[in-house]
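Listed below, chain by chain, are the residues.
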Amino acid sequence: MGNKALNNFLICGLIILIVSFFPLVSNNFSIRFGTDILMFAVMASAWNIIGGYTGYASFGNVVFFGIGAYITAILMEKAGLHFGIAYLAAGGAAALFAVLIGLPVLRLRGHYFAIATLGVAEAMKALVQNLDITEGNAGIYLPMLDLPVRHQYYFFFYMMLATLVLTLLVTYLLLNAKLGYSFIAVREDEDAANSVGINTTLSKTFAFALSGFFTGLAGSIYAYQQAFIQPGPAFTVQTTVQMIVMAVFGGMGKLFGPLLGALCIEMISETLSNYFLVAHTLFFGTVVILAIVFTPKGMIDLITQHKFGIAYLLQNIREHRI
Amino acid sequence: MAILEGKNIIKRFAGLIAVNNVDFHINPNEILGLIGPNGAGKTTLVNVIAGVYAPSQGQIQFKGQTISGEKPYRIGRLGISRTFQVVKPFPGMTVKENAAVGAMFGAGGKKTSAKEAIKKAEEVLAFVGLADQINKHADQLNVPSRKRLEMAKALAMEPDLVLFDEVMAGLNFSEIDQAVELIRKIRENGVTILIIEHVMRAIKNVCDRIFVLHHGEKIADGPVAEVLNDEDVIKAYLGRRYKELTH
Amino acid sequence: MLLQIVTNGILKGGLYALMAIGMSLIWGVMDIINIAHGSFIMLGAFTTYWLFAFFGVDPFISLIFSMSILFIFGYGVQKYLINYVIRANAFITLILAFGIEIFINNLALVSWTADVRKVEVSYGASNFSFGDMITIPTVRLLAFVLVIVISLVFFYLLNRTNLGRSIRATSQDLDAARLAGVDVARTYAVTFGLGVGAAGAAGTLWSILFPISPMMGGILTLKSFVVVIIGGLGSMLGPIIGGLALGVTEALGTNWFGSTYENLISFTILVLVLILRPKGILGGAT
């Protein structure tokens with residue numbers, strides 16, 4: 001491994017270490033807030049695999065979140081299984097679903113793929129609302145974690161942190177492997193990718209499955225943490241909106257973009273709700289609008305290009321206006 | 001034995017017959033030119049060979065194996081590479097990465113890791129003369145360089161047969177001569193070449209044999225001098241003036 | 001009984017069709033998927049509600065107002081906001097639409113509270129009967145007639161006027177239209193305005209038949225997607241066919257399986273159509 005890569009790894013390790021200390025010095029509310037940021041970072045990073053790197057913008061990734069949550073709930077509550085097993089099964093089930101639904105749906109491109117995935121998520125929500133095993137709209141209660149309250153907060157924080165590290169590590173390794181190159185080739189020019197020897201169907205499906213796997217893991221932890229899940233919150237399109245906005249805001253197609261995006265968006269959202277008790281979502285919508293008009297390439301691009309001036313913002317508009 | 005052989009190839013698109021009962025073959029290490037007026041079916045034929053379309057009728061054999069109906073990526077891995085008439089680089093990747101992708105997934109890809117592919121890419125890019133631009137993004141290149149990159153991607157795949165679709169279009173005379181040199185070097189490395197071209201200067205100087213399509217049908221197939229003097233070819237494509245100008 | 005169910009489906013389908021016309025126009029001409037579509041429907045509904053509550057304006061009369069107001073609003077949004085990002089990749093416009101949806105929904109929530117409201121007209125309970133077989137609430141019938149009228153107006157606008165010609169030219173080839181002298185910025189703004197105006201009309205009619213609230217838009221946007229996909233892009237007839245198809249299928253489906261299956265039916269149809277025949281029933285040019 002080159003020197004630069006080694007350096008980067010050490011820096012990352014240091015950051016993870018520092019972040020690990022965070023719960024020890026914070027109150028429960030802050031730990032929960034941190035866990036939420038990590039959860040969104042996992043989902044946004046997972047979305048980034050299929051949306052950012054492979055160029056297939058899924059509008060239904062919440063379906064993997066919901067599947068992960070429900071598989072966990074059903075296995076723990078009805079089959080009495082341990083969380084560890086449920087967690088892995090959740091990821092696996094989500095990945096499997098991604099492969100099954102991906103085979104027909106990944107043949108569609110652009111807008112049609114987006115809407116198909118959206119339809120899948122909504123259909124799944126409606127299905128779960130009507131099935132017996134998922135208790136319909138009544139929802140499922142999960143067994144509580146048998147630890148002192150404070151330690152429960154620790155547990156979920158570290159589980160989510162570990163999941164995020166796993167997601168980013170796997171993404172990083174892929175980017176340097178043939179599979180990662182195939183994702184990007186598919187995004188850049190799918191026909192050219194085919195003629196250069198890439199089995200694009202396999203590539204896309206793999207990307208979608210990975211995306212589903214990590215999102216499912218996040219859903220699993222969420223279900224255990226909430227100790228209760230319902231179809232509405234588990235499959236709401238709002239979650240998809242959030243993960244996409246975060247990935248794009250931070251920088252899609254960049255490794256740390258979604259994490260940065262999750263951090264920024266959650267911070268902004270929290271700050272706004274502290275200042276504006278009543279209308280904070282309103283200002284949040286305004287922030288999203290302004291951000292996308294002026295910095296469509298995301299925060300990472302803003303930072304790496306070292307362009308902090310008005311000129312950069314105006315340049316984006318000049319390039320993109322009618 | 002011919003390295004590529006097509007028998008009774010017909011390609012229809014909902015009532016329009018683009019390729020009409022064409023027989024063709026290419027011998028190993030040969031440079032075969034494919035010429036004809038626009039709309040004659042040249043690119044369609046290449047698309048059929050490359051697997052973009054399955055032939056409506058007929059069979060294509062490559063190195064003794066039937067490839068008609070196979071998917072493009074499979075044909076690429078078997079040893080046939082192609083370029084696109086309107087070049088298709090991967091814009092968001094660097095020149096080096098573009099070529100590396102060819103090395104990773106082409107015929108030579110099975111035994112090549114990502115790291116090795118990047119090394120191979122550098123070699124191929126030096127071979128086509130793009131060594132000084134390997135770290136540029138593909139969308140920053142000018143037209144002749146993009147054509148070179150398109151060829152590099154195809155060559156990085158380590159093909160036995162390469163299909164060049166109008167790689168000379170838009171080049172000036174000296175650039176054409178350089179490209180012709182490059183094609184000769186490629187053949188010297190043991191690769192068989194099919195080249196679709198309108199640039200007669202290149203066809204005359206580099207091809208062993210010429211194959212002419214007109215309205216989807218083969219109207220001539222033989223040595224360069226013979227074909228370029230063929231009455232049917234002159235009537236269909238070259239024009240009387242060409243014969244006068246070049247004699 | 002079956003006839004009644006199918007009739008109900010057709011009536012609701014007409015409403016779906018009107019919702020989808022606006023979305024189809026915007027998508028077909030500008031390749032924009034208007035995620036905020038439901039929010040505009042909601043605004044149309046509330047325009048009617050407030051005119052009714054404060055000034056006693058009959059909701060059918062208020063159609064003129066809601067369509068005009070929403071047209072102007074849509075024109076503004078396109079001209080002063082969306083036009084600034086439209087040449088970036090389609091994704092950026094999508095996120096912008098998300099932002100607009102969040103903004104509008106929450107502005108409504110803050111201004112009008114989350115209370116559910118209803119436009120109760122005096123003739124709301126009266127019915128038309130066709131023998132013993134079909135009973136149709138008068139308001140539903142009126143709404144359906146208006147859907148037809150508005151659709152015809154749109155058809156005329158798009159196919160028989162110069163405005164319509166410039167819209168169609170712009171959708172087919174932006175640069176060619178520019179060269180031919182079309183003011184594309186303004187054409188886009190007018191197109192978006194028309195689409196939003198149609199949404200406003202749909203909102204008005206919806207408010208007469210169903211309860212409304214600031215958050216009602218989300219599911220309506222999704223339903224509009226389904227209709228547009230089923231019917232196919234590229235013609236005015238697409239959303240109409242799609243809307244009727246969805247309305248009838250939902251009516252039959254919920255009758256057989258139960259009312260809680262309505263959404264499952266709609267979205268399963270969406271996914272199936274996309275997988276089997278993405279171009280939709282009328283499968284025109286994209």
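What counts and how
- Residues numbered from 1 in each chain as written.
- Chains lettered and ligands numbered in written order.
- Predicted model: local features only at pLDDT ≥ 70, side-chain atom pairs only at ≥ 80, totals over all residues.
- Helix = DSSP H or I, 4+ residues; strand = E, 2+ residues; numbered from the N terminus.
- Rg over C-alpha atoms; globule rule 2.2 N^0.38 Å.
- Buried ≥ 20, exposed ≤ 12 C-beta atoms within 10 Å, placed from the backbone.
- Contact = placed C-beta atoms within 7 Å.
- Nonpolar A, V, L, I, M, F, W, Y, C, P; charged D, E, K, R; others polar.
- Domains from an automatic or database assignment.
- Axes fitted to C-alpha atoms, helices over the stretch in contact; angles between N-to-C directions.
- Parallel < 35°, antiparallel > 145°, perpendicular 65-115°, else oblique.
- Left-handed = near helix turned anticlockwise from the far one by under 90°.
- Pairing = 2+ DSSP bridges.
- pLDDT = per-residue confidence, 0-100.
- Expected span 1.5 Å × (residues − 1).

**Some thoughts on the overall build of chain A**
So, point 1. Along chain A, the regular secondary structure elements total 15 helices and 2 strands.
So, point 2. Against the globule reference of 20 Å for 322 residues, chain A gives a C-alpha radius of gyration of 20 Å, in line with a compact fold.
So, point 3. In terms of principal-axis extent, the alpha carbons of chain A reach across some 55 × 45 × 45 Å.
So, point 4. Expressed as a percentage of its 322 residues, the buried residues of chain A come to 53%.

**Comments concerning the overall build of chain B**
So, point 1. Counting its secondary structure elements, chain B contains 10 helices and 10 strands.
So, point 2. Computed over C-alpha atoms, the radius of gyration of chain B comes to 18 Å, within 12% of the 18 Å expected from 2.2 N^0.38 for 247 residues, which places it in the range of a compact globule.
So, point 3. Viewed in the frame of its principal axes, chain B has a C-alpha envelope of about 50 × 40 × 35 Å.
So, point 4. Put simply, 64% of the contacts in chain B that link residues at least 6 apart link residues at least 24 apart.

**Quick word on unusual backbone geometry**
Glycine aside, negative phi is the norm for most residues, and most peptide bonds take the trans geometry.
Residue and element names in this part refer to chain B.
So, point 1. A positive phi angle, near 65 degrees, is found at Asn29, a position not held by glycine.
So, point 2. The topology assignment puts Asn29 in the loop between strand 2 (16–26) and strand 3 (31–35).
So, point 3. With 16 C-beta atoms counted inside 10 Å, the residue Asn29 sits in the partly exposed group.
So, point 4. Not every positive phi belongs to a glycine, and His215 is a case in point at roughly 55 degrees.

**Thoughts on the interface of chain A and chain C**
Interface size is commonly expressed as the accessible surface area that is lost when the partners come together.
So, point 1. Chain A puts 37 residues into the contact, and the matching count from chain C is 37 residues.
So, point 2. Going through the elements one at a time, helix 4 (83–105), helix 5 (110–130), helix 11 (237–250), helix 13 (280–294) and helix 15 (310–320) of chain A are the ones with two or more residues in the side of chain A that touches chain C.
So, point 3. Broken down by element, the side of chain A that touches chain C gets its largest block of residues, 13 residues, from helix 5 of chain A.
So, point 4. Of the residues belonging to the side of chain A that touches chain C, the class tally is 26 nonpolar, 9 polar and 2 charged.

**Observations concerning the arrangement of the chains**
So, point 1. By number of contacts, the leading pair among the 2 pairs of chains in contact is chains A and C.
So, point 2. Separated throughout, chain B and chain C approach each other most closely at a C-alpha pair spaced 14 Å apart.

**Side note on the domain arrangement of chain B**
Residues and elements named next belong to chain B.
So, point 1. What the domain assignment lists for chain B is domain 1 (4–79 + 160–245) and domain 2 (89–156).
So, point 2. Taking only C-alpha atoms, the centre of domain 1 and the centre of domain 2 are 24 Å apart.
So, point 3. Listed by partner, the interface residues are 12 residues for domain 1 and 11 residues for domain 2.
So, point 4. Residue composition of the side of domain 1 that touches domain 2, grouped by class: 7 nonpolar, 3 polar and 2 charged.

**Considerations on the packing of helix 2 (residues 37–55) of chain C against helix 3 (residues 62–80) of chain C**
Axes are the key here: two packed helices are described by the angle between their axes and the distance separating the axes.
All names here are of chain C.
So, point 1. Between helix 2 and helix 3, the least distance of the axes is 9 Å, while the angle of their chain directions is 135 degrees. By the angle between their axes, helix 2 is oblique relative to helix 3. For helix 2 against helix 3, the interelement crossing comes out right-handed. From helix 2, Phe40, Leu43, Gly44, Thr47, Thr48, Leu51 and Phe52 reach across to helix 3, where they touch Ser62, Phe65, Ser66, Ile69, Leu70 and Gly74.
So, point 2. The class makeup of the residues in the contact of helix 2 with helix 3 is 7 nonpolar, 6 polar and no charged.

**Describing the sheet that holds strand 7 (residues 161–165) of chain B**
All names here are of chain B.
So, point 1. Sheet architecture is open: 6 strands sit in the order 6-7-8-3-9-10, paired in mixed fashion. The open sheet is flanked by strand 6 (80–82) and strand 10 (217–223), the only strands paired with a single partner. For this sheet the average axis-to-axis angle between neighbouring strands, irrespective of direction, equals 15 degrees.
So, point 2. Bridge analysis of strand 9 (residues 209–214) against strand 10 gives 6 bridges, and the strand direction is antiparallel. Each residue of the ladder has a partner; that of Val212, found in strand 10, is Ala220.
So, point 3. Along the sheet face, helix 6 (residues 173–188) touches strand 3 and strand 8 (192–196) and points at about 150 degrees away from the line of strand 8.
So, point 4. Against the sheet, helix 9 (residues 231–238) engages strand 3, strand 9 and strand 10, with an angle of about 120 degrees to strand 10.

**Side note on the interface of chain A and chain B**
So, point 1. At the junction of the two partners, chain A supplies 16 residues and chain B supplies 20 residues.
So, point 2. Contributions of two or more residues to the side of chain A that touches chain B are made by helix 7 (178–188) and helix 8 (190–195) of chain A.
So, point 3. By residue number, the principal contributor to the side of chain A that touches chain B is helix 7 of chain A, which donates 5 residues.
So, point 4. Taken together, the residues of the side of chain A that touches chain B break down into 7 nonpolar, 5 polar and 4 charged.

**Observations concerning the sheet that holds strand 4 (residues 57–62) of chain B**
Residue and element names in this part refer to chain B.
So, point 1. With antiparallel pairing, the 4 strands of this open sheet are ordered in space as 2-1-4-5. This sheet does not close on itself; its edge strands, each paired only once, are strand 2 and strand 5 (65–66).
So, point 2. Examined bridge by bridge, strand 1 (residues 4–13) and strand 4 share 5 bridges and lie antiparallel to one another. Within strand 4, the residue paired with Ile10 across the bridge is Gln57.
So, point 3. Helix-sheet contacts for helix 1 (residues 42–50) involve strand 1, strand 2 and strand 4, and the interaxial angle to strand 2 is about 65 degrees.

**Points about the pairing of strand 1 (residues 127–130) of chain C**
The two faces of a sheet get side chains in turn, since along a regular strand they alternate between them.
Residues and elements named next belong to chain C.
So, point 1. Alignment of strand 1 against strand 2 (residues 134–137), held across 4 bridges, turns out to be antiparallel. The residue of strand 2 that forms the bridge with Asn127 is Pro137.
So, point 2. In textbook terms, the turn of a hairpin is the stretch between consecutive antiparallel strands, and for strand 1 and strand 2 this stretch comprises 3 residues, one of which, Gly131, has a positive phi near 65 degrees.

**Concerning the confidence of the model for chain B**
Residue and element names in this part refer to chain B.
So, point 1. Per-chain confidence: chain B averages 89 in pLDDT, with 97% of residues scoring 70 or above.
So, point 2. Model confidence for chain B, summarised as mean pLDDT per element, is weakest for helix 10 (residues 240–245) at 64 and strongest for strand 6 at 95.
So, point 3. Reported confidences for the modelled complex are a pTM of 0.91 and an ipTM of 0.89.

**Points about the environment of Phe103 of chain C**
So, point 1. You can see Phe103 of chain C is positioned in helix 4 (residues 90–112).
So, point 2. Along the sequence, Phe103 of chain C and Trp256 of chain C sit 153 residues apart, while their C-alpha atoms lie 39 Å from each other.
So, point 3. If we skip the residues at most four places from it in the chain, Phe103 of chain C touches Leu282, Gly285, Thr286 and Ile289 of chain A.

**A word on the pairing of strand 1 of chain B**
Residues and elements named next belong to chain B.
So, point 1. Sheet topology places strand 1 next to strand 2; 7 bridges connect them, and they run antiparallel. Within strand 2, the residue paired with Lys11 across the bridge is Val19.
So, point 2. Between strand 1 and strand 2, which pair antiparallel and follow one another directly, the connecting turn spans 2 residues, one of which, Ala14, has a positive phi of 40 degrees.

**Thoughts on the environment of Thr117 of chain A**
Residues and elements named next belong to chain A.
So, point 1. By the element assignment, Thr117 lies in helix 5.
So, point 2. A C-alpha to C-alpha distance of 29 Å links Thr117 and Phe156, two positions 39 residues apart in sequence.
So, point 3. What Thr117 contacts, discounting residues up to four positions off in sequence, is Ser58, Phe59, Gly60 and Val105.

**A few points about the environment of Arg12 of chain B**
Residues and elements named next belong to chain B.
So, point 1. Tracing the backbone shows Arg12 in strand 1.
So, point 2. In this structure, the C-alpha to C-alpha distance between Arg12 and Gln57, residues 45 residues apart in sequence, is 8.8 Å.
So, point 3. Ignoring anything within four residues of it in the chain, the contact list for Arg12 reads Ile17 and Ser56.

**Description of helix 1 (residues 3–21) of chain A**
So, point 1. For helix 1 of chain A, spanning 19 residues, the distance from its first C-alpha to its last is 28 Å, which sits close to the expected 27 Å at 1.5 Å a residue.
So, point 2. Burial runs low along helix 1 of chain A: only 0 of the 19 residues are buried.

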